[in-house]
Amino acid sequence: MSTAGIRARLFGLLPSTLDWTPVRRDPRRDLLAGLTVAIVALPLALAFGVSSGLGAQAGLVTAIVAGALAAIFGGSNLQVSGPTGAMTVVLVPIVHQYGARGVLMVGLLAGLALIALAVVRVGRFAQFMPTSVIEGFTSGIAVVIALQQVPAALGIAVVEGEHVWQVAADAVVRYVTAPAPAPLIMALVVAALMLVGARWRPGVPFSLIGVVMATVVAEMAGLDVARIGALPAALPAPSLGFVDLGALAGLLPSALAVAALAALESLLCASVADAMSVGEKHDPDRELFGQGIANLAAPLFGGVPATAAIARTAVNVRSGARSRLAALTHAIVLAIIVFAASGLVGRIPLAALAGVLLATTVRMVEVGSLRAIARSTRGDALVMALTFVVTVALDLVTAVAVGIGVAIVLALRAVARTVKVEQVPLETGDHSQEEQQLLAEHIVAYRFDGPMFFAAAHRFLLELSKVADVRVVILRMSRVTTIDATGAQVLGDAITRLEQRGITVLLSGIKQDHFQVLAALGVAEHLRRGGLTFSDTPAAIARARHLLAGDSPDQTASSAPTTVAV
């Protein structure tokens, strides 16, 4: 791509006034949704900042800076961005090896990589993501989010475990030894209020009402429950002091991994947001561009790499968001909290916020969609189940890789089964009755239908190995849709085997691009030089008749040359 093309592409990715047209639908609902998401995002941002190794302030800065910029420059009207649990898993080893400066440098490089992916339009390939993978991933994430809330809902502050299910199990064990009913009751009441209230009055922000009520009750009753705690008083000044060009080579692989995770999670989250709403359709390339801008800016203020957050996006959609004003409001509210209400918000019980997310996970799972996919095909059901299990047991990156890998294998298996290698009669109008009798005794025609690629190659090799008691075999390739190196090599092997049995091989109907593959691998080159390749089947039949006419009558079939037209 030329410099002018890159410049034009960048300008095409910039936001326009049309992005804000949906704001006119119902700005009040967007503002309320943004406020609700901010309340939910606050403890998550602080917790993820601590988990990453850079501290609570880094998580809060990321939610504010990245959340605002992704809302403005991104390609989704409903998506909410910030620090996420999946990203902290990638960042912890970087902190241990390179320190906080290394994490900031990785975020900057990942932002540049995401912008580059947007420019070359990689985002459009997200549309090929199988629905079974998306549904399995979404359901798995819902379970992961629910498991993440178990310690807070039980009032357990210190837990151990490498995976989220291990952490949840450890919290349950500790709770059994020293039960404290107040946090659990609070979480369940807030979750029940949200679920019942959503059915009764969908437009009312029951999540916010539940959090306020829980906070008031905790204060008035003097309940011994964990709170958010003190917040930083202000955002740090932007700085590039962390940039270290000497560490660029060592940090580049980590930056690419962070960029891949950010792209994958953001595009999947955008697809989930579209599925949870009506009439929404995100722009994948613009979403990558928005995430790139967000990750470029967040490190300047000391923030960690960011990506779209499914939990916060789900809260945003379920709270009635209609436009990107909600996500922008969420970032602005968090900024206001930093300057004006840090002490008040610090009193919110973590159990109440756990209840909000527990209700959110219940509403994330679309039982009807899961049931439909499970009943569609065994392959789709298997892919969805595997993606779900790996998401919960390991991590989302591995889950998506496994899901897509299995889906590809099953798709190739299905395509390979459509390939046909069948014996077909020669055109009766081309020859007289006597000539037809001669051809029927000595010539067999085979026609290939579909792709001749690695998944199907050995199938047609086995078919051709069954050819016997003929002097001419015609293989017709005009209906071959594609051919790869494996298919070409197996075809060459089949031709060699036939010729070793005294069979002459003719090729017909080979498309130019397919012939280039054969020529590049040296397959059937001797047939081309010998004039045994033809543009159509009638020409191959005429050549076969000529060869048979030249044989002596007493020549046996086993010693006579046999012709194969492909």
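Here, the structure is the one placed above.
Description of the structure in this document. Just so it is clear, the structure is predicted and the values come from calculations on it, not from any experiment. (Residues numbered from 1 in each chain as written. Predicted model: local features only at pLDDT ≥ 70, side-chain atom pairs only at ≥ 80, totals over all residues. Heavy atoms only, no water.)

**A short note on the pattern of salt bridges**
Then, in step 1: In this structure the tally under the stated criterion is seven salt bridges.
Then, in step 2: The closest approach of N and O atoms between D19 and R286, which form a salt bridge, is 2.9 Å. With a gap of 267 residues between them, D19 in the loop between α1 (3-13) and α2 (27-52) and R286 in helix α11 (residues 284-297) connect regions that are remote in the sequence. Comparing D19 with R286, the two get one shared label, buried.
Then, in step 3: Note that R25 is salt-bridged to E280, the shortest N-O span being 3.8 Å. Placement of the pair is R25 in the loop between α1 and α2 and E280 in the loop between α10 (248-276) and α11, with a sequence separation of 255 residues.
Then, in step 4: Assessed through its relative accessible area of 14%, E280 is described here as buried.
Then, in step 5: Members of the salt-bridge network, linked through shared partners, are E219, R227 and R347. (Salt bridge = Lys/Arg side-chain N within 4 Å of Asp/Glu carboxyl O. Helix = DSSP H or I, 4+ residues; strand = E, 2+ residues; numbered from the N terminus. Buried < 20%, exposed > 50% of the residue type's maximum accessible area, 1.4 Å probe, protein only.)

**Section: unusual backbone geometry**
Then, in step 1: In this structure, R121 takes a positive phi of about 60 degrees despite not being glycine.
Then, in step 2: Examined against the element boundaries, R121 turns out to sit in the loop between α4 (85-119) and α5 (131-148).
Then, in step 3: According to the relative accessible area criterion, R121 is partly exposed, its value standing at 40%.

**With respect to helix α21 (residues 485-500)**
Because an α-helix completes one turn every 3.6 residues, residues spaced three or four positions apart along the sequence face the same direction.
Then, in step 1: Here α21 spans 23 Å end to end across 16 residues, near enough to the 22 Å set by a 1.5 Å rise per residue.
Then, in step 2: Here α21 has its buried residues at G487, A488, V490, L491, G492, A494, I495 and L498.
Then, in step 3: Phi for G502, located one or two positions after α21, is positive at around 85 degrees. (Expected span 1.5 Å × (residues − 1).)

**Examining the nonpolar core**
Then, in step 1: Membership of the largest hydrophobic core comes to 102 residues, with the highest contact counts inside it found for L42 and L334.
Then, in step 2: Among the elements that make up this core, the one with the highest residue count is α4 (17 residues).
Then, in step 3: Leaving out residues up to four positions away in the same chain, L334 has contacts with A38, A41, L42, L60, A63 and I64.
Then, in step 4: If you look at the next biggest cluster of nonpolar residues, it comprises 31 residues, including I443, V505, L518 and A524. (Core = buried A, V, L, I, M, F, W, Y, C linked by side-chain atoms within 4.5 Å. Contact = heavy atoms within 4.5 Å.)

**As for the packing of aromatic side chains**
Then, in step 1: Considering all chains together, one arrives at one aromatic pair under this definition.
Then, in step 2: A centroid spacing of 6.3 Å and a plane angle of 65 degrees characterise the contact between F73 and F289, whose relative ring orientation is edge-to-face. In this pair, F73 is assigned in helix α3 (residues 56-73) and F289 in helix α11, connecting sequence segments 216 residues apart. (Phe/Tyr/Trp six-rings, centres within 6.5 Å; stacked < 30°, edge-to-face > 60°.)

**Observations regarding the environment of F206**
Then, in step 1: Following the sequence through the fold, F206 ends up in helix α9 (residues 206-221).
Then, in step 2: C-alpha of F206 to C-alpha of V196: the two residues are ten residues apart in sequence and 9.2 Å apart in space.

**Some details on the side chain of D170**
Then, in step 1: By the secondary structure assignment, D170 is in helix α7 (residues 164-177).
Then, in step 2: D170 gets classed as buried once you look at its relative accessible area, which sits at 18%.
Then, in step 3: With residues up to four places along the chain from it excluded, the contact list for D170 reads V158, V159 and E160.

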